[in-house]
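# Residue-level structural notes
Here is what each chain is made of, one letter per residue.
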Amino acid sequence: MINLLKSIKSRDPAANNFLEIIFLYPGFHAIIIYRISSIFWYLKLRFVAKLLSYLGRIFTGIEIHPAAKIGKNMFIDHGHGVVIGETSEIGDNVLIYHGVTLGGNSLNKGKRHPTVGNNVIIGAGAKILGPIKIGNSARVGANAVVTKPIQANSTVMGIPAKMIIKNRENKGKNFTAYGTPTDINIKNSKDTKIKRKKLNKRKV
């Protein structure tokens, strides 16, 4: 509990003290409720677990399925509108902003939600769909729609999400607000290069 509070304070400059986090942060409340509901889930008291999860959603605006697997020190900043599906797996020190969905894209009972590595940042409104892997220290930009695996230490943005190239100014940055660098170069695809050539010919 103390480690979680410390990790939240270190990642949120608006947090003045632990008391604020304990009483005023829905992301903190959602994690506490999830931890309790997950105990009931693994004790096979599924209805009680889902009831707690439901009450947590009403109270915080954050929906975390009690069967999801979540590591240490996950922080949901602002929080409202976050949905974490049943077979989601999340590593340690993950930062998730409001409006994020870790969703399934299948009606199968098996693994159908994302696996998120350690130290990942997922920007506001991002949708990560299907049983795909998000590598350690990856960054998912705000409102990105991700349907394919993401390499470790990479940054993706857009719909559908595409990898971007970090420039000299942000290559060394560990923290990226909302998972969205503001000074970037979009990684060029063949289609993008062809379009640019056509535009250049027209200008000539």
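Refer to the structure above for everything that follows.
The rules behind the values
Residues numbered from 1 in each chain as written. Predicted model: local features only at pLDDT ≥ 70, side-chain atom pairs only at ≥ 80, totals over all residues. Heavy atoms only, no water. Phe/Tyr/Trp six-rings, centres within 6.5 Å; stacked < 30°, edge-to-face > 60°. Helix = DSSP H or I, 4+ residues; strand = E, 2+ residues; numbered from the N terminus. Buried < 20%, exposed > 50% of the residue type's maximum accessible area, 1.4 Å probe, protein only. Lys NZ or Arg CZ within 6 Å of the ring centre and 35° of its normal. Axes fitted to C-alpha atoms, helices over the stretch in contact; angles between N-to-C directions. Parallel < 35°, antiparallel > 145°, perpendicular 65-115°, else oblique. Contact = heavy atoms within 4.5 Å. Nonpolar A, V, L, I, M, F, W, Y, C, P; charged D, E, K, R; others polar. Pairing = 2+ DSSP bridges.

## Structural notes on the packing of aromatic side chains
Enumeration according to the criterion identifies one aromatic pair in this entry. Note on Y25 and F75: the rings are 6.4 Å apart at their centroids and 25° apart in plane angle, and the pair reads as stacked. Of this pair, Y25 sits in the loop between α2 (18-24) and α3 (26-42) while F75 sits in strand β3 (residues 75-77), placing them 50 residues apart in sequence. Among the residues examined, Y25 registers a relative accessible area of 12% and is labelled buried. Taking NZ or CZ as reference, R46 lies 4.2 Å from the ring centre of W41, over its face.

## As for the packing of α3 against helix α4 (residues 46-60)
How two helices pack is summed up by the angle between their axes together with the distance between the axes. Between α3 and α4, the least distance of the axes is 8 Å, while the angle of their chain directions is 170°. Here α4 runs roughly antiparallel to α3, going by the angle between their axes. Where α3 approaches α4, its residues P26, H29, A30, I33, I36, S37, F40 and W41 are matched on the opposing element by R46, V48, A49, K50, L52, S53, G56, F59 and T60. Across the contact of α3 with α4, the residue classes break down as ten nonpolar, five polar and two charged.

## Concerning the sheet that holds strand β13 (residues 145-146)
Pairing in this open sheet of five strands is parallel, and the strands run β1-β4-β7-β10-β13 from one edge to the other. Only two strands of the sheet have a single neighbouring strand rather than two, namely β1 (63-64) and β13.

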